[in-house]
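Letter by letter, the chains look like this.
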Amino acid sequence: MTQQKGAVWYEHLHTEKHTGARRGRLHTPHGTFETPMFMPVGTQGAVKGVNNRTLKEIGSQFILANTYHLWVRPGDELIAEAGGLHKYMDWDQAILTDSGGFQVFSLSDSRKLSEEGATFRNHVNGDKMFLSPEVAMRIQNNLGSDVMMQLDEAIPYFETYEYIRDSMQRSLRWADRAQQYHKKTDTQALFGIVQGAGFRDLRTESAKELVKMDLPGYAVGGLSVGESKKEMNRVLDFTMPILPEDKPRYLMGVAAPDSLIDSVIRGVDMFDCVLPTRVGRKGTLMTKRGRVVIKNSKYKNDFSPIDSDLEYYSKNPIRTNQFGNLAQYDLPSYSPYQNLSRSYLHHLFNANELLGAQIASEHNLRYLLNLMEEMRTAIEEDRLLEFREQVLEDYGYNKANARLF
């Protein structure tokens, strides 16, 4: 189940015997990375509040950047002039760029949709802009990302069958146009996006037609947009078996611990979401023992560690390879999760110190990256179901009226 072809290719290592979950590696022009993986979101070429060195220390592999926002400012041509996004932001590992479609289609007041693409006014200065499959590819070619996404329509989940069908079929035509326009197959991989909301026949049609295109990878879009987790799992149950086993599979916009595990059980390899940094900036921590709203007054005199169960430094092979022997790593054994108190972090938020949001954002990303590391080990050791039960118990999913984020 390993296909070495083009800029990005998937290497299968192990199938968990009880669930069928996949353990693999993704080979890219900027390194080889372990799957399943979570990708921090750097919308405008930066993960909010977290510098690149820290991202590597806590185990980040891929990061995601946003095509629409980088197109609006500073501009894809400027980034190309600078040598591409990797050089521009000084990130030497892999980057995935979305197509910009989600942002454009969220501008419902100013957006007009046609077969050719979408016309809209941008959110910064109101300039009229036009995004088509070809324009999205041109922008992403200029950015130089390792993985590029086709332009598709971000479909509301609870639209009518007819609307979903017509939109999904248009997105298939757009995927074909994107593939025809894509010329840099030796350095950049184009992923298709399966759409169809909750309709099995439409998801099946979308997946089968995309598979015929023999793309380097496939994403499932249009989930985690308001439907229940049970409904999301139902869609994955009948969609994932259609996608090739020798290609990477990406579920867009998911970060809840239970959804990450349940989706990996169903064959997903890659995830991204803004949730960990977004809630972190507002003072919510994802810890191994569940949700902590650090702004709450009960933490004012809490001198216990932020998260005594979570190690700061990743043992991910990419970090080991880059920085050599971990025992000889030139940083002190400083950990904001174990050396700083909840009282101190509460104070930082109460005083509106930027450091508070930074620490909380780093912590939440580390929590999810560590969760994926532990999940990979659980797959290798064929104990993913036991791992799932332990994570849900520790995080608090089994408590009545649990608040998770």
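Starting afresh in each chain, residues are numbered from 1 along the sequence in its written order. Thresholds applied to this predicted model are a pLDDT of at least 70 for local features of residues and 80 or more for the giving and counting of side-chain atom pairs; totals over whole chains, interfaces and linings are not thresholded and use all residues. Note that water and hydrogens are dropped before the side-chain values are worked out from all heavy atoms of the structure.

Student: A description of the overall build of the chain should follow, citing residues and the corresponding values.
Tutor: What the chain contains, in helices and strands, is 15 helices and 16 strands. Only C-alpha atoms enter the radius of gyration, while the globule expectation follows 2.2 Å times N to the 0.38, with N the number of residues. Whereas a compact globule of 405 residues would reach a radius of gyration of roughly 22 Å, the chain reaches 21 Å, a difference of no more than 12%. If you line up the chain on its principal axes, its C-alpha atoms span 60 × 50 × 45 Å. Among the 405 residues that make up the chain, the fraction classed as buried is 58%. Only heavy atoms matter for contacts: two residues are in contact if any of them lie within 4.5 Å across the pair. Long-range pairs, those at least 24 residues apart, make up 68% of the contacts in the chain between residues at least 6 apart in sequence. Here the chain displays about 17100 Å² of accessible surface, and carbon together with sulfur accounts for 47% of that area. In the chain, 49 side chains carry a positive charge and 52 a negative one; their mean positions are 3 Å apart. Each helix is a run of H or I in the DSSP string that is no shorter than four residues. Each strand is a run of E no shorter than two, and both are numbered from the N terminus. The rule is simple: take the accessible area with a 1.4 Å probe, protein chains only, and divide by the maximum for that residue type; under 20% is buried, over 50% is exposed, in between is partly exposed. Computed with a 1.4 Å probe, the accessible areas rest on the Shrake-Rupley method; for each residue, only the protein chains presented here act as cover. For the purpose of counting charges, residues Lys and Arg are taken to be positive, whereas Asp and Glu are taken to be negative. His and the chain ends are not included. In plain terms, the charge of a residue is placed at NZ if it is Lys, CZ if Arg, CG if Asp and CD if Glu.

Student: Lay out the environment of D237 with the relevant residues and their values.
Tutor: Along the polypeptide, D237 turns up in helix α9 (residues 229–239). According to the relative accessible area criterion, D237 is partly exposed, its value standing at 43%. For D237 and A219, which are 18 residues apart along the polypeptide, the C-alpha to C-alpha distance reads 14 Å.

Student: An account of helix α13 (residues 342–350) is needed here, citing residue identities and associated values.
Tutor: The periodicity of an α-helix, 3.6 residues per turn, causes residues three or four places apart in sequence to face the same way. By the burial criterion, the buried members of α13 are R342, S343, L345, H346, L348 and F349. Where α13 is buried, its residues contact α11 (275–281), β15 (284–287), β16 (290–293) and α14 (354–380). The first or second residue beyond α13 is N352, which carries a positive phi of 60°.

Student: Summarise the nonpolar core; cite the residues concerned and give the values.
Tutor: Judged by nonpolar contacts, the single largest core of 90 residues is most densely connected at L131, L251, F271, M375 and L384. The element that contributes the greatest number of residues to this core is α14, accounting for nine residues. Apart from the residues lying within four places of it in its own chain, the contact partners of L384 are E16, T19, A21, I261, V264, I265, M375, A378 and I379. If you look at the next biggest cluster of nonpolar residues, it comprises 21 residues, including Y10, F33, L64 and Y250. What is meant by a nonpolar core is a set of buried Ala, Val, Leu, Ile, Met, Phe, Trp, Tyr and Cys residues, joined one to another through side-chain atoms within 4.5 Å.

Student: Can you tell me about the sheet that holds strand β9 (residues 128–131), naming the residues and giving the values?
Tutor: Any two strands with at least two DSSP-identified bridges between them are counted as paired. Pairing is antiparallel in the open sheet, where three strands are placed in the order β7-β8-β9. Of all the strands in the sheet, just β7 (112–113) and β9 have a single pairing partner and so form its edges. With four bridges connecting them, strand β8 (residues 118–121) and β9 associate as antiparallel partners. Residue pairing in the sheet places T119 in a bridge with F130 of β9.

Student: Quick rundown of the packing of helix α6 (residues 133–143) against helix α7 (residues 161–181)? Include the residues and the values.
Tutor: Interhelical geometry of α6 versus α7 gives an angle of 45° and a closest axis separation of 8 Å. The angle between α6 and α7 places the two elements in the oblique class. Crossing of α6 over α7 shows right-handed handedness. From α6, P133, E134, M137, R138 and N141 reach across to α7, where they touch W174, R177, A178 and Y181. Helix axes are fitted to C-alpha atoms over the stretch in contact, other axes to C-alpha atoms as well, and angles between N-to-C directions run from 0 to 180 degrees. Each angle receives one of four descriptions, namely roughly parallel if under 35 degrees, roughly antiparallel if over 145, roughly perpendicular if within 65 to 115, and oblique otherwise. Helix crossings fall into two classes, left-handed where the near helix is turned counterclockwise from the far one by less than a right angle and right-handed where it is turned clockwise.

Student: How would you explain the UniProt feature "binding site: substrate" (unreviewed entry) in the chain if you had to name every residue and give the values?
Tutor: In this structure's numbering, the residues bearing the UniProt feature "binding site: substrate" (unreviewed entry) are D98, S99, G100, G101, F102, D152, Q195 and G222. Among the structural elements, G100 can be located in the loop between β6 (95–97) and α5 (101–106). Other than its neighbours up to four places away in sequence, G100 contacts T67, Y68 and L131. With respect to the element layout, G101 can be found in helix α5. Classification of G101 as buried rests on a relative accessible area of 0%. Contacts of G101, omitting those with residues within four sequence positions, involve L131, L151 and D152. UniProt positions are given in the numbering used here, feature names are shortened, and annotations may be inferred rather than shown by experiment.

Student: I'd like a description of the pairing of β15, backed by residues and values.
Tutor: In the case of a regular strand, side chains alternate between the two sheet surfaces. Because side chains alternate across β15, one face comprises the buried residues T284 and M286, and the other comprises L285 and T287, equally buried. By the bridge criterion, four bridges tie β15 to β16 in an arrangement that is antiparallel. Bridge pairing links L285 to V292 in β16. Two successive antiparallel strands, β15 and β16, enclose a turn made up of two residues.

Student: So, the packing of aromatic side chains: which residues are in play, and what are the values?
Tutor: What counts as a ring pair is set by centres within 6.5 Å for rings of Phe, Tyr and Trp (its six-membered ring), and what kind of pair is set by the plane angle: stacked under 30 degrees, edge-to-face over 60, tilted for all other angles. Scanning all chains against the criterion turns up nine aromatic pairs. Residues Y68 and F120 carry aromatic rings whose centres are separated by 5.9 Å and whose planes lie at 55° to one another, so their mutual orientation is tilted. In this pair, Y68 is assigned in helix α2 (residues 67–72) and F120 in strand β8, connecting sequence segments 52 residues apart. F120 sits in the buried class, given a relative accessible area of 1%. Ring plane angle 50° and centroid distance 5.6 Å describe the contact between Y312 and Y337, whose orientation is recorded as tilted. Of this pair, Y312 sits in the loop between β16 and α12 (317–323) while Y337 is found in the loop between α12 and α13, placing the two residues 25 residues apart along the sequence. With respect to burial, Y312 and Y337 carry one shared label: buried. Through successive ring pairs, a cluster of aromatic residues spans Y68, W71 and F120. The rule for a charge over a ring is simple: NZ of Lys or CZ of Arg within 6 Å of the ring centre, and within 35 degrees of the ring normal. The ring of W91 carries the charged tip of K56 above its face, separated from the ring centre by 5.8 Å.

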